[in-house]
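Observations on chain architecture
Take a look at the letters that make up each chain.
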Amino acid sequence: MSETQNSNNYTRMNGGIVTYLKQSYVVMKNEIVKFTRGKKMLLFTALIFLVLILLTAVPYILGEGLSDNATELAASYSSFIALIVLLFATLFASTSLVSEFEERTALILFTRPVKKSSILLGKLTASMVIGIAFLAFYYVFTSVVSLAVAGSVDATLLTSFGLAVLYLFCMVGIALLISSVMKKGSTATIITFVMSLLIFSIVSTLLGAYDVENWWLPDIASGAIYDVFGFTFGGMIPAVTVDLVQTSGVFIAWGLITTLIAYFLFKRRSF
Amino acid sequence: MTSEYPIELINLRKEYGTFVAVDDLSLKIKKNSFTGLLGPNGAGKSTSLKILTNLTTPTSGAVEINGINVTKNSWEALLTVGTVVETPEFYLYLTPRETFRYLGQLLGMSSESIKYETDTILEKVKMTQWADKKLGTFSKGMRQRIALGQALLNNPDIIILDEPTSGLDPRGMAEMREILKTLRSGSKDLTVLMSSHMLHEVSDLCDHVAMVDHGKLLVHDEIDRILGDSESRTVIVKTVEKPDNAMVEKISEVSNVASARLYDNGIEIRFKGGKSEQMNLFNTLANMNITVYSMSEDSNALENKYLSLIKDSR
């Protein structure tokens, strides 16, 4: 398809890959503006600060202070990452598709020459960009504290960050899938939260109890974000060997499959 | 690509379970026409427009815009189309200017084009002073004007409107109609398809009308021809002289006049024939030294035709 010139003398776009990516980028920018101007952003930022303040201040309040072991310190901070990612997906990604229908903005957006795949890609990218920004802030804060208290930073922190990003992709995919079928944003949020926190845990516990492999479940795989430090907390908790390839594969597979299903459901969805 | 009939509905059928919303509907909208899609609630108007704007898919049949199948290739089909379907909502955290920028960027417009079009359109829809206020603070009427504005953003060749004055207060309705009138008069190549169940609105704005009921097309033609099919027409005549019974009596005796009566500071005249007979009537009244300063068609004319067609279809 070629570009066409209209009477207003501007060139109408063609339908190639560049246009497709440009439209995704425009959708992503709008999603980021939506996040930054919304109350959820404020709430989530406050939550992150609260977690970091508690992790840093409580040991001093209890008179112990933070550990001067860089690995122990990094492990203690990273133990909350999986929960933070889960909350992020619940708060942000779970409403991103359903809100277009619920808030009737689909009547403006979907009647434009914009492919639904562009919209989905834009929303997925926006969730990833904001999520990564929050994670980066969390890990940078951890590194700064580690430098100040332990005098060094455990290099494994970078591996943990990489796994956290992949887990974010996995959880955003699941949230988008739920968002693509729900009628109300509030329902999508609740189901994403319950599914991620409760259903996966029940399934993985039951599978574990019956000696069935459960490593492929996101909640089990997410343990690697902390386990990667191999820290045992004085031998009380046995160290777990992390298979980085397998764990990364689990996150990527969940992210890709759920996003693809979300796309097909979103594409077929009528207003 | 443009054709003589830029909008075509071809044997369109849409089922929701056992309910048939659109039933084998075929309709060709002529280029540069302003067509009103009339029908009672549940007649299939909105469903047809939703299929046309790719918000839903047909059970069978097809819709084409400029010869391009909307369901199969919505991207290309909607490239030159502006739409206002139902009462759309906006991203309430954005201002009108930001909204137009967002939609303009999606359409691949340059920053200069977006700025120029935004300023022009906001003036056209009388929202310039609200350009930088958050949409969340706007009334329904203001949002509807922005909705119409965004439909004009890519300088479309085709505009599809689904009950554009629905839910507005009388002032909002009047303002919206004024804007639509300026669109109609101001544009060179513009085809408009507008659904409504307000007959006077269609009568006021449209030159063509398509009436549907139970998802089927009852009639589609120029409004004048549809009304001309009737055996008689009714006009309201306003005269400089104060109308009285003697004047009414004189008019009653004019050939083709079926009846005349005093009506709302004027005279309601029912006569046989179409436009040429109406022109003859005007001349006859002038020859009778009755100074006519206004002769308007009775707004009930379309309603009568509509009601008779709806009645026949049931």
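Refer to the preceding data block for the structure.
None of these values were measured; they are calculated from a predicted model.

**Brief notes about the nonpolar core**
- Among the nonpolar cores identified, the biggest contains 131 residues, and A:Tyr138, A:Tyr167, B:Leu180 and B:Met194 are the most heavily contacted of them.
- Two domains each provide a minimum of three residues to this core, namely domain 1 (7–226) and domain 2 (230–313) of chain B.
- Leave out the neighbours within four places in its chain, and B:Met194 touches B:Phe34, B:Thr35, B:Gly36, B:Leu37, B:Leu161, B:Pro164, B:Leu180, B:Glu201, B:Val202, B:Leu205 and B:Cys206.
- Judged by nonpolar contacts, the second largest core, of 25 residues, contains B:Leu9, B:Leu27, B:Leu37 and B:Ala43.

**With respect to the packing of aromatic side chains**
- In the structure shown here, the tally under the stated rule is 20 aromatic pairs over all chains.
- Where A:Tyr139 meets A:Phe161, the ring centres are 5.3 Å apart and the plane angle is 75°; that geometry is what we call edge-to-face. Of this pair, A:Tyr139 sits in helix H7 (residues 116–149) while A:Phe161 sits in helix H8 (residues 156–181), and the two are 22 residues apart along the sequence.
- The exposure class assigned to A:Tyr139 is buried, which follows from its relative accessible area of 6%.
- Its relative accessible area of 21% is what places A:Phe161 among the partly exposed residues.
- Between B:Tyr91 and B:Tyr93 the ring centres are 5.9 Å apart and the planes differ by 55°, which places this aromatic pair in the tilted class. B:Tyr93 shares its class with B:Tyr91; the two are buried.

**Re the interface of chain B and chain A**
- Contact residues are listed per partner, giving 40 residues for chain B and 35 residues for chain A.
- Between chain B and chain A lies a buried interface of about 3,600 Å² when both sides are counted; carbon and sulfur atoms form 57% of it.
- On inspection of chain B and its partner chain A, the count reaches two salt bridges.
- Linking A:Arg37 and B:Glu98 is a salt bridge whose minimum nitrogen-to-oxygen distance equals 2.9 Å.
- Looking at the side of chain B that touches chain A, the elements that each hand over two or more residues are helix H2 (74–77), strand E6 (81–84), helix H3 (96–106), helix H4 (111–124) and helix H5 (140–152) of chain B.

**Observations regarding the sheet that holds strand E8 (residues 191–196) of chain B**
Residues and elements named next belong to chain B.
- The sheet built from six strands is open, its strands ordered E6-E7-E8-E3-E9-E10 with mixed pairing. A single partner strand is all that each edge strand has here, and the edge strands are E6 and strand E10 (216–222). The average undirected angle you get between the axes of adjacent strands in this sheet is 15°.
- Inspection of the sheet shows E6 paired to strand E7 (residues 158–162) by four bridges, in the parallel sense. For Gly 82, the partnering residue across the bridge sits in E7 and is Ile 159.
- Contacts from H5 reach E6 and E7 within the one sheet, and its direction differs from that of E6 by about 165°.

What counts, and where the lines are drawn
- Residues numbered from 1 in each chain as written.
- Chains lettered and ligands numbered in written order.
- Predicted model: local features only at pLDDT ≥ 70, side-chain atom pairs only at ≥ 80, totals over all residues.
- Heavy atoms only, no water.
- Core = buried A, V, L, I, M, F, W, Y, C linked by side-chain atoms within 4.5 Å.
- Buried < 20%, exposed > 50% of the residue type's maximum accessible area, 1.4 Å probe, protein only.
- Domains from an automatic or database assignment.
- Contact = heavy atoms within 4.5 Å.
- Phe/Tyr/Trp six-rings, centres within 6.5 Å; stacked < 30°, edge-to-face > 60°.
- Helix = DSSP H or I, 4+ residues; strand = E, 2+ residues; numbered from the N terminus.
- Buried area = accessible area lost by both parts, 1.4 Å probe.
- Salt bridge = Lys/Arg side-chain N within 4 Å of Asp/Glu carboxyl O.
- Pairing = 2+ DSSP bridges.
- Axes fitted to C-alpha atoms, helices over the stretch in contact; angles between N-to-C directions.

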